[in-house]
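Architecture at a glance
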2 protein chains.
Amino acid sequence: MDERVREHAETLVDWSARIEAGDDVVVSVDEGAHDLAVAVARALGERGANVTTVYASEELQRAYLRAHDGEFDEDPGHELSLYENADSVLSLGGGRNTAGMADVPGERTQRYGRARQGIREARLDTDWVSTVHPTRSLAQQAGMAYAEYEEFVYEATLRDWESLAEEMDRLKGILDDGEEVRIVNEGTDLTLFIDGRTAVNSAASVAYDSHNLPSGEVFTAPYDTAGVVTFDVPMTIRGRDVRDVKLTFKDGVVVDWEAAQGEDVIDEIIQTDGGSRQLGELGIGMNRGIDRPTGRILFDEKMAGTVHLALGRAYDANLPEGESGTDSAVHVDLITDMTGDSRLEVDGEVIQRNGVFRWEESED
Amino acid sequence: MDERVREHAETLVDWSARIEAGDDVVVSVDEGAHDLAVAVARALGERGANVTTVYASEELQRAYLRAHDGEFDEDPGHELSLYENADSVLSLGGGRNTAGMADVPGERTQRYGRARQGIREARLDTDWVSTVHPTRSLAQQAGMAYAEYEEFVYEATLRDWESLAEEMDRLKGILDDGEEVRIVNEGTDLTLFIDGRTAVNSAASVAYDSHNLPSGEVFTAPYDTAGVVTFDVPMTIRGRDVRDVKLTFKDGVVVDWEAAQGEDVIDEIIQTDGGSRQLGELGIGMNRGIDRPTGRILFDEKMAGTVHLALGRAYDANLPEGESGTDSAVHVDLITDMTGDSRLEVDGEVIQRNGVFRWEESED
């Protein structure tokens with residue numbers, strides 16, 4: 001077994017999901033994630049956990065959804081009870097074709113999702129963690145050779161999470177105490193108001209309310225926004241390429257927008273509902289193992305030296321106790337590269353310049 | 001998609017499992033059974049059933065069992081509730097290596113099985129059906145080329161089950177009315193007493209209390225046996241080759257035994273417990289699509305022109321109401337070829353000669 005696969009499995013089981021003896025674990029395996037699943041099974045066996053393995057094949061899903069008439073039963077009892085009785089769900093991504101669901105009507109998939117709302121909530125009620133096993137399909141999406149992509153994934157995933165968590169905690173402290181964040185970059189001068197909001201230190205572990213491996217970002221939710229922002233990191237949204245989106249905010253709402261490519265997708269998103277014209281998230285990437293965009297948000301939004309903003313829904317964890325951020329059906333991240341001539345300020349103080357935090361400078 | 005795979009899936013879903021709209025179905029997929037699983041997902045989507053797919057990978061299982069300390073929790077709640085809430089379980093066999101569990105200590109596997117007795121019972125309480133997708137590993141086990149083995153599997157599986165069920169019903173009637181079966185063959189003259197026992201028409205459908213696809217046998221349980229029987233069909237039992245087993249019965253119990261090869265396995269089986277010296281099953285193969293042994297009991301025992309007898313446990317379905325046949329920990333089938341100079345008699349009347357039933361002769 002590749003030593004990196006074993007280390008990935010152990011990071012997932014121990015650091016991310018905090019599995020203990022006797023835990024009832026569901027492992028969900030994508031078509032191309034078999035090798036990681038074997039390593040995870042081994043780690044779970046060693047910890048004395050109880051494992052049920054689900055086959056998350058998109059080819060099966062596609063065949064099922066296309067054949068179905070679309071009148072789905074709500075939350076089938078056998079699957080609902082599986083997740084209701086699970087302590088943890090480990091999702092091992094890694095398909096064999098990122099276009100594997102391309103010919104399933106979007107409306108069918110949405111109806112299926114809506115009928116399984118209870119199952120989704122039961123999964124989210126567990127200590128769930130999503131990760132990705134490198135496959136050729138994902139390497140292709142990222143524009144990398146397979147071995148190069150493997151290196152990339154492990155560089156992003158097998159980090160010293162404990163020390164990164166400490167560093168991110170420093171940024172969380174600054175954001176929690178701050179009232180106003182200003183982002184200045186080429187084509188960007190944006191002010192976000194965060195007074196009273198709580199930042200999440202997303203350190204790739206359920207112990208930090210963080211459910212992605214890799215992670216490595218600190219995020220909060222602005223309640224108001226003003227100014228202009230340009231997102232220069234290339235992205236694929238809803239299957240379409242999007243480049244250089246420029247948004248203008250006034251009183252917290254998008255009042256003007258344009259894009260060099262994929263403007264129709266941005267139109268669609270902004271016009272979804274009331275919440276989709278507002279920002280639900282300000283995230284600051286801090287994973288130095290991620291050095292380039294791959295077209296996959298799990299990695300891209302955590303890239304060190306980037307900032308991402310999401311149109312739409314906010315996470316409850318960022319909001320004052322009792323408030324809920326689910327006032328939009330969408331949550332779409334857009335990313336800007338801060339490594340050029342740029343700065344990030346909190347309450348007028350520069351905390352990052354040209355992608356480098358002030359504590360990194362002083363350590364040099 | 002290969003038309004035969006689609007037909008296999010539809011036979012499984014419609015004829016065997018009798019799936020209806022709204023049924024909660026668990027599909028269990030072996031490592032090599034992906035293509036059949038896609039076809040089954042399609043058929044279940046068309047029927048409007050609800051599907052959860054379990055990944056039955058032996059490589060995962062091996063890694064888990066080897067890593068575990070052997071102190072297994074009893075019937076983990078998440079998996080137990082999955083099966084307790086399922087209407088049907090469709091098991092799609094087809095591994096990639098028949099020796100995939102070779103280095104797992106047998107005692108570990110047995111402890112795991114014992115700890116999951118409740119899960120096993122919950123599965124057996126559903127409308128479960130087991131079938132096999134042809135894989136290269138199984139072709140190798142059968143000593144066939146891959147395309148040849150595919151042909152073999154579909155010849156065995158895609159039959160006119162309705163008319164075979166009618167024919168088998170005729171044999172069931174004869175056995176239900178009969179008191180005494182006599183098998184005469186080279187090295188065999190055996191009498192089995194079946195008065196009061198009920199034969200099962202195993203027509204590959206839950207509607208017939210039959211849980212294998214393919215099936216195609218009629219079986220009952222003798223309460224007494226006398227004489228000699230030689231099993232000339234080669235078999236692999238507990239991983240060891242067994243040839244030409246000869247058993248001598250007196251008053252229902254084996255009193256003498258020998259084998260040209262694998263006699264130590266037969267010793268082991270017969271000395272397991274009190275019930276393992278007796279016959280728990282008399283089965284008559286009637287699947288004309290199965291024309292040669294493959295080393296896999298799912299197929300071999302259904303071969304037309306063969307008779308099989310099992311040492312050990314009887315099936316409750318064969319016994320008078322209220323009696324249970326679980327008086328042995330084993331149930332091991334042995335097969336004899338009746339296509340040579342042989343005959344099968346019920347109450348002194350020949351019902352099959354040289355592997356041909358009397359109604360087949362009259363139809364010629």
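Residues numbered from 1 in each chain as written. Chains lettered and ligands numbered in written order. Predicted model: local features only at pLDDT ≥ 70, side-chain atom pairs only at ≥ 80, totals over all residues. Heavy atoms only, no water.

Per an unreviewed UniProt entry, chain A goes by the name Aminopeptidase and belongs to Halosimplex rubrum.

1. Some words on the overall build of chain A
Helix and strand counts for chain A stand at twelve helices and 18 strands. Taking 21 Å as the expected radius of gyration for a compact globule of 364 residues, we find that chain A reaches 20 Å, a close match to that expectation. With respect to the principal axes defined by its C-alpha atoms, chain A has extents near 50 × 50 × 45 Å. Counting over 364 residues, chain A shows a buried share of 55%. (Helix = DSSP H or I, 4+ residues; strand = E, 2+ residues; numbered from the N terminus. Rg over C-alpha atoms; globule rule 2.2 N^0.38 Å. Buried < 20%, exposed > 50% of the residue type's maximum accessible area, 1.4 Å probe, protein only.)

2. Let's talk about the nonpolar core
Ranked by size, the top nonpolar core spans 183 residues in total, and within it A:Leu247 and B:Leu247 carry the most contacts. Setting aside residues up to four positions removed in sequence, A:Leu247 forms contacts with A:Gly227, A:Val228, A:Val229, A:Phe231, A:Val254, A:Asp256, A:Trp257, A:Ile266, A:Ile270, A:Leu311 and A:Leu334. Counting 18 residues, the second-largest nonpolar core is a separate cluster that includes A:Val89, A:Ala122, B:Ala86 and B:Ile119. (Core = buried A, V, L, I, M, F, W, Y, C linked by side-chain atoms within 4.5 Å. Contact = heavy atoms within 4.5 Å.)

3. Details of the interface of chain B and chain A
Taken residue by residue, the interface counts 39 residues in chain B and 39 residues in chain A. Carbon and sulfur atoms make up 61% of the area that chain B and chain A hide from each other, which totals about 3200 Å². At the boundary of chain B with chain A, the tally comes to zero salt bridges. Where chain B meets chain A, there are 23 residue pairs in polar contact (both at pLDDT 80 or more). Those elements that provide at least two residues to the side of chain B that touches chain A are strand E1 (24–30), helix H2 (34–47), strand E2 (50–56), helix H3 (58–67) and helix H4 (77–84) of chain B. Of the residues contributing to the side of chain B that touches chain A, the split by class is 18 nonpolar, 13 polar and eight charged. (Buried area = accessible area lost by both parts, 1.4 Å probe. Salt bridge = Lys/Arg side-chain N within 4 Å of Asp/Glu carboxyl O. Polar contact = N/O pair within 3.5 Å; in protein donor to acceptor, adjacent residues only side chain to side chain. Nonpolar A, V, L, I, M, F, W, Y, C, P; charged D, E, K, R; others polar.)

4. Digging into the sheet that holds strand E7 (residues 200–202) of chain A
Residue and element names in this part refer to chain A. In spatial order, the strands read E7-E8-E13-E14-E15; together these five strands make up an open sheet with antiparallel pairing. Of all strands in the sheet, those with a lone pairing partner are E7 and strand E15 (331–337), marking the two edges. Shown here is a sheet whose adjacent strand axes are inclined to one another by a mean of 20°, direction ignored. Bridging between strand E14 (residues 306–312) and E15 involves seven bridges; their strand directions are antiparallel. Of the residues in E15, the one forming a bridge with Leu311 is Val332. (Pairing = 2+ DSSP bridges. Axes fitted to C-alpha atoms, helices over the stretch in contact; angles between N-to-C directions.)

5. Topic: the side chain of A:Asp24
On the secondary structure map, A:Asp24 appears in strand E1 (residues 24–30). It turns out A:Asp24 is buried and unbridged, and the closest side chain with the opposite charge, B:Arg116, is 8.6 Å from it. (Lys, Arg positive; Asp, Glu negative; His and termini not counted.)

6. So, the environment of B:Gly113
Within the secondary structure, B:Gly113 sits in helix H5 (residues 106–115). Separated by 239 residues in sequence, B:Gly113 and B:Gln352 have C-alpha atoms that sit 40 Å apart.

7. So, the sheet that holds strand E8 (residues 217–220) of chain B
Residues and elements named next belong to chain B. Strand order in the open sheet formed by five strands is E7-E8-E13-E14-E15, and the pairing between neighbours is antiparallel. Both edges of this open sheet fall to strand E7 (200–202) and strand E15 (331–337), since each of them pairs with a single strand only. Neighbour-to-neighbour, the strand axes of the sheet open up by a mean angle of 20°, direction not taken into account. Examined bridge by bridge, E8 and strand E13 (residues 279–285) share four bridges and lie antiparallel to one another. Within E13, the position partnered with Phe219 by the bridge is Gly283.

8. Remarks on the pairing of strand E5 (residues 180–185) of chain B
Residue and element names in this part refer to chain B. In this sheet, strand E6 (residues 188–193) lies alongside E5 in antiparallel orientation, the contact comprising six bridges. Within E6, the residue paired with Val181 across the bridge is Leu192. The hairpin turn running from E5 into E6, its antiparallel successor, is two residues long, and Gly187 in that turn takes a positive phi close to 75°. Bridge count for E5 against strand E16 (residues 343–346) is four bridges, and the pairing is antiparallel. Counted as the bridge partner of Val181 is Val346 from E16.

9. Side note on the relation of the copies chain B and chain A
Aligned on chain A, chain B shows an RMSD of 0.1 Å; the corresponding rotation is 179° and the shift along the axis is 0.0 Å. What the superposition gives is, in effect, a two-fold axis relating one chain to the other. (Least-squares fit on C-alpha atoms with pLDDT ≥ 70 in both.)

10. Examining the packing of helix H3 (residues 58–67) of chain A against H2(B)
At a minimum axis separation of 7 Å, H3(A) and H2(B) run at an interaxial angle of 25°. One element, H3(A), and the other, H2(B), form an angle in the roughly parallel class. Between H3(A) and H2(B) lies a crossing of right-handed hand. Residues A:Glu59, A:Leu60, A:Ala63, A:Tyr64 and A:Ala67 of H3(A) form the contact with H2(B), whose own contacting residues are B:His34, B:Ala37, B:Val38, B:Ala41, B:Arg42, B:Leu44, B:Gly45 and B:Glu46. When the residues that make up the contact of H3(A) with H2(B) are grouped by side-chain class, the tally is eight nonpolar, two polar and three charged. (Parallel < 35°, antiparallel > 145°, perpendicular 65-115°, else oblique. Left-handed = near helix turned anticlockwise from the far one by under 90°.)

11. Some thoughts on unusual backbone geometry
All names here are of chain A. Omega for the bond connecting Leu213 with Pro214 falls within 30 degrees of zero, at 0°, which places this linkage in the cis form. Along the chain, the position of Pro214 falls in the loop between E7 and strand E8 (217–220). With a phi angle near 50°, Asp251 is a residue other than glycine that sits in the positive phi range. Counting through the fold element by element, Asp251 comes out in the loop between strand E11 (240–250) and strand E12 (253–261). A relative accessible area of 66% places Asp251 in the exposed class.

12. Considerations on a negative patch on the surface
A contiguous patch of negative charge on the surface is contributed by A:Asp177, A:Glu179, A:Glu180, A:Asp195 and A:Asp347. Here A:Asp347 lies in the loop between strand E16 (343–346) and strand E17 (349–353). (Patch = residues over 30% accessible without salt bridge, like charges linked within 9 Å, V, L, I, M, F, W, Y side chains within 5 Å. Areas by Shrake-Rupley, 256 points an atom, 1.4 Å probe, with all protein chains shown as cover. Charge placed at Lys NZ, Arg CZ, Asp CG, Glu CD.)

13. Some remarks on the side chain of A:Ser276
Residues and elements named next belong to chain A. Inspection of the secondary structure assignment puts Ser276 in the loop between helix H10 (263–270) and strand E13 (279–285). One polar contact links the side chain of Ser276 to the main-chain carbonyl oxygen of Ile269, over a distance of 3.0 Å. If we ignore the near neighbours within four places in the chain, the residues touching Ser276 are Ile269, Ile270, Gln271, Leu311, Gly312, Ser328 and Val330.

14. So, the packing of aromatic side chains
Using the criterion set out here, one finds 17 aromatic pairs over all chains in the structure. The interplanar angle of 5° and the centroid separation of 4.6 Å between the aromatic rings of A:Phe357 and A:Trp359 together place this pair among those described as stacked. Centre to centre, the rings of B:Phe193 and B:Tyr223 are 6.4 Å apart; their planes meet at 45°, and the pair counts as tilted. Separated by 30 residues along the polypeptide, B:Phe193 in strand E6 and B:Tyr223 in the loop between E8 and strand E9 (224–231) bring together distant segments of the chain. Given a relative accessible area of 43%, B:Tyr223 falls into the partly exposed group. (Phe/Tyr/Trp six-rings, centres within 6.5 Å; stacked < 30°, edge-to-face > 60°.)

15. Examining the domain arrangement of chain A
All names here are of chain A. Each assigned domain of chain A is listed here: domain 1 (3–157) and domain 2 (161–363). Distance between the C-alpha centres of domain 1 and domain 2: 26 Å. In this assembly, 24 residues from domain 1 lie in contact with 22 residues from domain 2. Across the domain 1/domain 2 interface, buried area totals approximately 2000 Å², and carbon plus sulfur atoms make up 61% of it. Three residues, Trp15, Phe152 and Ala156, lead the burial of domain 1 against domain 2; their summed loss comes to 33% of the area buried on that side. Between the two partners, domain 1 and domain 2, sit one salt bridge. Among the salt bridges present, the one from Glu148 reaches Arg292, with a minimum N-O distance of 3.1 Å. Between the two partners, domain 1 and domain 2, sit 14 residue pairs in polar contact (both at pLDDT 80 or more). (Domains from an automatic or database assignment.)

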